[in-house]
Amino acid sequence: MRSVAVIGRGAIGGVVIGALERGEVPGARLAAVVDLGDPLEDALAVADLVVECAGQAALAEHGPRVIAAGRDLLVVSIGALTDDALHERLRGGPGRLFLTSGAVGGLDLLRAAAAMAPLERVRIVTTKKPATLGVRDATGPVEVMRGPARQIAAAFPKSTNVAAAVALAVGSFDVVEAVVVADPAATLTSHVITASGPAGEYRFEIRNRPSAANPASSQVVPHAVLATLRDLAR
Ligand SMILES: NC(=O)C1=CN([C@@H]2O[C@H](COP(=O)(O)OP(=O)(O)OC[C@H]3O[C@@H](n4cnc5c(N)ncnc54)[C@H](O)[C@@H]3O)[C@@H](O)[C@H]2O)C=CC1
Ligand SMILES: O=C([O-])CC(=O)C(=O)O
């Protein structure tokens, strides 16, 4: 039986916590919850697997101690891994690092295509309601930022972790261009991922319903986390 600690009781963590409490993940039980101001050490004493659902800053704060204590770590705020030094520490063990697919899909195919031969062009265009991106007064779609995935994932820590997830899947932060669009008509959050290289040409269009609790996050994200938890607890 895996003993799970969840960091963050927000839109994502709240759903993960509820499912664990209801026994919806066979082989796993909720051992602890860590939110702002709670000591991580108490959770590390009772959990062997920690799920970060609290944001990039929280991952940087807690992640290294989780791994150093030999606990496994499942990460939602993947954009924090744009910090190479943090990524190295989290990969350094003895705990193991796992990433959620979060709000997007196709990462397995992109990983395979990039393993066959480096992809030549990869782009992710994320479109969200302006308020979730800190944009005011947009009357139509506005391109807020375009740049390397490393830069975009760090600039919008609550909204573009998916750009980092794509970059890690294809094995390069440099080849991935990320574009952020604020659109008042974006009832659904969309992520359009395109890639091409020797393995072929790819286009994934994802249109997610935003979470009511936090419209910056897609509702599906905690369910991606729970899917990985089910695999890890099997
Ligand atoms: N990989 C992906 O596809 C996605 C990743 N995310 C990431 O997940 C994060 C969480 O998303 P939501 O649950 O929607 O946010 P939220 O704002 O609803 O909840 C965050 C929770 O974490 C807690 N928290 C913040 N700092 C903390 C700290 N240092 N220690 C412990 N707890 C702390 C807050 O008090 C709050 O309860 C986002 O900031 C984003 O980085 C979000 C959506 C998709
Ligand atoms: O939930 C989403 O659609 C994407 C998101 O916020 C992120 O990648 O940080």
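In the nomenclature of an unreviewed UniProt entry, the protein chain corresponds to L-aspartate dehydrogenase from the organism Actinoallomurus liliacearum. What UniProt records for the protein chain under Pathway (unreviewed entry) is the sentence "Cofactor biosynthesis; NAD(+) biosynthesis; iminoaspartate from L-aspartate (dehydrogenase route): step 1/1."

> How would you summarise the overall build of the protein chain if you had to cite specific residues and measurements?
Along its length, the protein chain carries eight helices and 10 strands. Projected onto its principal axes, the C-alpha positions of the protein chain cover 50 × 40 × 30 Å. Here the protein chain, with 234 residues, has 42% of them falling under the buried criterion. By sequence separation, contacts in the protein chain at least 24 residues apart represent 71% of the contacts at least 6 residues apart.

> Can you lay out the sheet that holds strand 8 (residues 176-182) for me, pointing to particular residues and giving the numbers?
The mixed open sheet is built from five strands, whose spatial order is 7-8-6-9-10. Edge positions in the sheet fall to strand 7 (142-148) and strand 10 (200-208), since each of these pairs with one other strand and no more. Pairwise comparison of adjacent strand axes, ignoring direction, gives a mean angle of 10° for this sheet. Across nine bridges, strand 9 (residues 189-197) lies against strand 10 in antiparallel orientation. Paired with glycine 197 across the strands is glycine 200, a residue of strand 10.

> Kindly report on the domain arrangement of the protein chain, identifying the contributing residues and their values.
Here the protein chain is partitioned into domain 1 (2-102 + 219-233) and domain 2 (107-208). Look at where the C-alpha atoms of domain 1 and domain 2 centre, and you get two points 24 Å apart. Contacts between the two partners involve 12 residues from domain 1 and, on the opposite side, 14 residues from domain 2. Of the residues assigned to the side of domain 1 that touches domain 2, the class counts are four nonpolar, eight polar and no charged.

> Help me get a handle on the UniProt feature "active site" (unreviewed entry) in the protein chain, residues and values and all.
Following the UniProt record, one finds the feature "active site" (unreviewed entry) at His191. Along the chain, the position of histidine 191 falls in strand 9. Residues within four places of histidine 191 in sequence aside, it is in contact with Ala103, Val104, Ile124, Thr126, Val162 and Ile206.

> Let's hear about the site of ligand 1: which residues, and what values?
Close to ligand 1 lie 31 residues, the nearest being Gly8, Gly10, Ala54, Gly102 and Ser217. Secondary-structure elements contributing two or more residues to the shell around ligand 1 are helix 1 (11-21), helix 3 (56-68) and helix 7 (161-170). Looking at the shell around ligand 1 residue by residue, the classes come out as 16 nonpolar, 11 polar and four charged. Viewed by domain, the shell around ligand 1 spans two of them, domain 1 (2-102 + 219-233) and domain 2 (107-208), each represented by three or more residues.

> Explain the site of ligand 2 residue by residue, including any values.
In the vicinity of ligand 2, 13 residues are found, and the nearest of them are Ala103, Asn161, Val162, Ser217 and Ser218. Tallied by class, the residues present in the shell around ligand 2 amount to four nonpolar, eight polar and one charged.

> So what's going on with the nonpolar core? Which residues, and what values?
By size, the foremost hydrophobic cluster in this structure holds 70 residues, and its most contacted members are Val4, Val51, Ala149, Ala163, Val166, Val170 and Val176. Here this core takes nine residues from helix 7, the largest share from any one element. Each of two domains, domain 1 (2-102 + 219-233) and domain 2 (107-208), supplies a minimum of three residues to this core. Ignoring any residue separated from it by four or fewer positions in sequence, one finds alanine 149 in contact with Ala163, Ala164, Val166, Ala167, Phe173, Val176 and Ala178.

> Explain the UniProt feature "domain: Aspartate/homoserine dehydrogenase NAD-binding" (unreviewed entry) in the protein chain residue by residue, including any values.
As recorded in UniProt, the sites labelled "domain: Aspartate/homoserine dehydrogenase NAD-binding" (unreviewed entry) are residues 29-91. Taken end to end, residues 29-91 is 44% helix and 22% strand, and its two terminal C-alpha atoms sit 25 Å from one another.

> Describe the packing of helix 3 against helix 4 (residues 84-91), naming the residues involved and giving the relevant values.
Running from amino to carboxyl end, helix 3 crosses helix 4 at an angle of 30°, the nearest separation of the two axes being 8 Å. Here helix 3 is positioned roughly parallel relative to helix 4, judged by the angle of their axes. Two packed elements cross with a definite hand, and for helix 3 against helix 4 that hand is left-handed. In this structure, helix 3 uses Ala60, Gly63, Pro64 and Ile67 to contact helix 4, whose residues at the interface are Leu86, Arg89 and Leu90. Split by residue class, the contact of helix 3 with helix 4 holds five nonpolar, one polar and one charged.

Cut-offs used in this document
- Residues numbered from 1 in each chain as written.
- Chains lettered and ligands numbered in written order.
- Predicted model: local features only at pLDDT ≥ 70, side-chain atom pairs only at ≥ 80, totals over all residues.
- UniProt positions renumbered as here; feature names shortened; annotations may be inferred.
- Helix = DSSP H or I, 4+ residues; strand = E, 2+ residues; numbered from the N terminus.
- Buried ≥ 20, exposed ≤ 12 C-beta atoms within 10 Å, placed from the backbone.
- Contact = placed C-beta atoms within 7 Å.
- Pairing = 2+ DSSP bridges.
- Axes fitted to C-alpha atoms, helices over the stretch in contact; angles between N-to-C directions.
- Domains from an automatic or database assignment.
- Nonpolar A, V, L, I, M, F, W, Y, C, P; charged D, E, K, R; others polar.
- Near = placed C-beta within 6 Å.
- Core = buried A, V, L, I, M, F, W, Y, C linked by C-beta atoms within 7 Å.
- Parallel < 35°, antiparallel > 145°, perpendicular 65-115°, else oblique.
- Left-handed = near helix turned anticlockwise from the far one by under 90°.

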